[in-house]
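Residue-level structure breakdown
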Amino acid sequence: MRDPVCRYVYSPAVLTARIAALRAVLPDGAGLYYAVKANSHPALLEAAAAHADGLEVASGGELAKAVAAGARRVVFGGPGKTDAELAAAASCPVPVIVNVESAWELRRLSYLAQRPVDVCVRVARASGLTGSHQMTGVPAPFGVPEEELGDVLALAGRLPRIRLRGLHLHAVSSNLDAAAHAAFVTGSLAWAGTVLPDAEIVNCGGGLGVDYTGGTEFSLTGFGAGLPADPRLVVEPGRWLVAPAGRYEAEVLDLKKNGGVWFAVLRGGTHHFRLPAAWGYSHPFTVRRQDAWPYPMARPVVRDAAVTAAGELCTPRDVLCRDQHVDELRVGDVLVFALAGAYGLEVSHHDFLSHPKPGIAVEHFA
Ligand SMILES: *Cc1c(COP(=O)(O)O)cnc(C)c1O
């Protein structure tokens, strides 16, 4: 008996090409980091470590993966760092910049560090951007409130072993408006000059968007055209760099029409690829035909119909895509979900129902 297809396929070559494309529109001297939380597979991290200036991490586990992948530099962010994580960052063999999220975290870092540590202060400053996850301009647990920034910068200047290098302003996720993103970056650079004139780093985070359902592209040229020639700029995207570097493939186990809706039941589902359910959208698929058919019985098939791609979990929420038209779909064909490289397997509930995990293949598809 053959195992049904259920796997991710990752392409480090695509990630490398995206890093190069983004680099080409950034000002000379700007820093480009890859946000590890979008996808921490070792083959992708090694590609990012080799081609970006460094890796952005948000936990001690990600820090260890970044070092193992050969990162030349690391930026360490995240609102809830433990003492062990701060100590690991402060003693890391690779140069680290810690994005400090509160006055208390700054005090703890100063107390725990055995040697001088480079720091940027994260500030919750309204960005004016809209995207899927708003991190500033609304109440959120990220960074220092703008009105307390002066006090925290002064504290950073006084505390032992703290070397204040700049500011951090990650604001949003999946913003598709490149001109607005450039305006946010430009405004942040200008504002940083007023609150911290000797800042060497103004880290504007990630948040470059991907449109999964098809309409728009984040315009890289539009973004680049709106940026000032400022070498203080650092960006650290995850999604835009790695989404096209992965696809998720799941075989059709069954086809049925229930309540007037055609369902394709998959070997796989939202426990492997949670993004569509988490965000409440239909992730488009293509059909890859598998002609081999091992049974003597007739092959179930649906033609010229809208099909809902449901997973193998015992919950009606296990749906990847609703009502997508197919010309023909048979049991044993494979649904291929492109743009699944970012926040795919990484954010999913792999162990729900104890189904086997998907495979992961590394192929340099382009
Ligand atoms: C998540 C995150 C990123 C990457 O965000 P994307 O939307 O994937 O580009 C960058 N910086 C910080 C601090 C983050 O939390």
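You'll find the structure just up there.
I will try to describe carefully the structure that is included in this document. (Residues numbered from 1 in each chain as written. Predicted model: local features only at pLDDT ≥ 70, side-chain atom pairs only at ≥ 80, totals over all residues. Heavy atoms only, no water.)

For the structure on display, the rule yields 22 salt bridges. Between Glu363 and Arg7 there is a salt bridge, and its shortest N-O distance comes to 3.8 Å. With Glu363 in the segment after strand S19 (359–362) and Arg7 in strand S1 (residues 6–10), the pair connects residues that are 356 residues apart, well separated along the chain. When its relative accessible area of 32% is taken as the criterion, Glu363 is described as partly exposed. On the accessibility criterion, Arg7 (24% relative accessible area) is partly exposed. For Arg267, the salt bridge goes to Glu312, with nearest N and O atoms at 2.9 Å. (Salt bridge = Lys/Arg side-chain N within 4 Å of Asp/Glu carboxyl O. Helix = DSSP H or I, 4+ residues; strand = E, 2+ residues; numbered from the N terminus. Buried < 20%, exposed > 50% of the residue type's maximum accessible area, 1.4 Å probe, protein only.)

Alignment of strand S2 (residues 31–35) against strand S3 (residues 54–57), held across three bridges, turns out to be parallel. Considered in S3, the bridge of Ala35 is made with Glu56. Taken together, S2, helix H2 (residues 42–51) and S3 form a β-α-β motif whose crossover is right-handed. Here S3 pairs with strand S4 (residues 74–76) via three bridges, running parallel. By the bridge assignment for S4, Glu56 is matched with Val75. In terms of handedness, the path from S3 via helix H3 (residues 60–68) over to S4 forms a crossover that is right-handed. (Pairing = 2+ DSSP bridges. Right-handed = clockwise from strand over helix to strand, strands pointing away.)

With that settled, the discussion passes to the nonpolar core. The biggest cluster of nonpolar side chains holds 109 residues, and the ones touching the most others in it are Leu15, Phe223 and Phe337. Residue contributions to this core peak at seven residues, all from helix H7 (residues 178–195). Built from parts of two domains, this core gets at least three residues from each of domain 1 (73–237) and domain 2 (244–362). Excluding residues within four positions of it along the chain, Phe337 makes contact with Gly246, Arg247, Tyr248, Leu266, Phe273, His283, Pro284, Phe285, Ala309, Leu320 and Cys321. By size, the runner-up hydrophobic cluster in this structure holds six residues, among which are Tyr33, Ile97, Cys120 and Val234. (Core = buried A, V, L, I, M, F, W, Y, C linked by side-chain atoms within 4.5 Å. Domains from an automatic or database assignment. Contact = heavy atoms within 4.5 Å.)

With that settled, the discussion passes to the packing of aromatic side chains. Going through the model one piece at a time under the given rule, you end up with ten aromatic pairs. Ring centres of Tyr212 and Tyr281 lie 5.5 Å apart, and the angle between their planes is 20°; on these two criteria the pair is classed as stacked. Of this pair, Tyr212 sits in the loop between strand S11 (201–203) and helix H8 (220–225) while Tyr281 sits in the loop between helix H10 (275–279) and strand S15 (286–288), placing them 69 residues apart in sequence. Taken together through their ring pairs, the aromatic side chains of Tyr8, Tyr10, Tyr248, Phe273, Phe285 and Phe337 make up a single cluster. (Phe/Tyr/Trp six-rings, centres within 6.5 Å; stacked < 30°, edge-to-face > 60°.)

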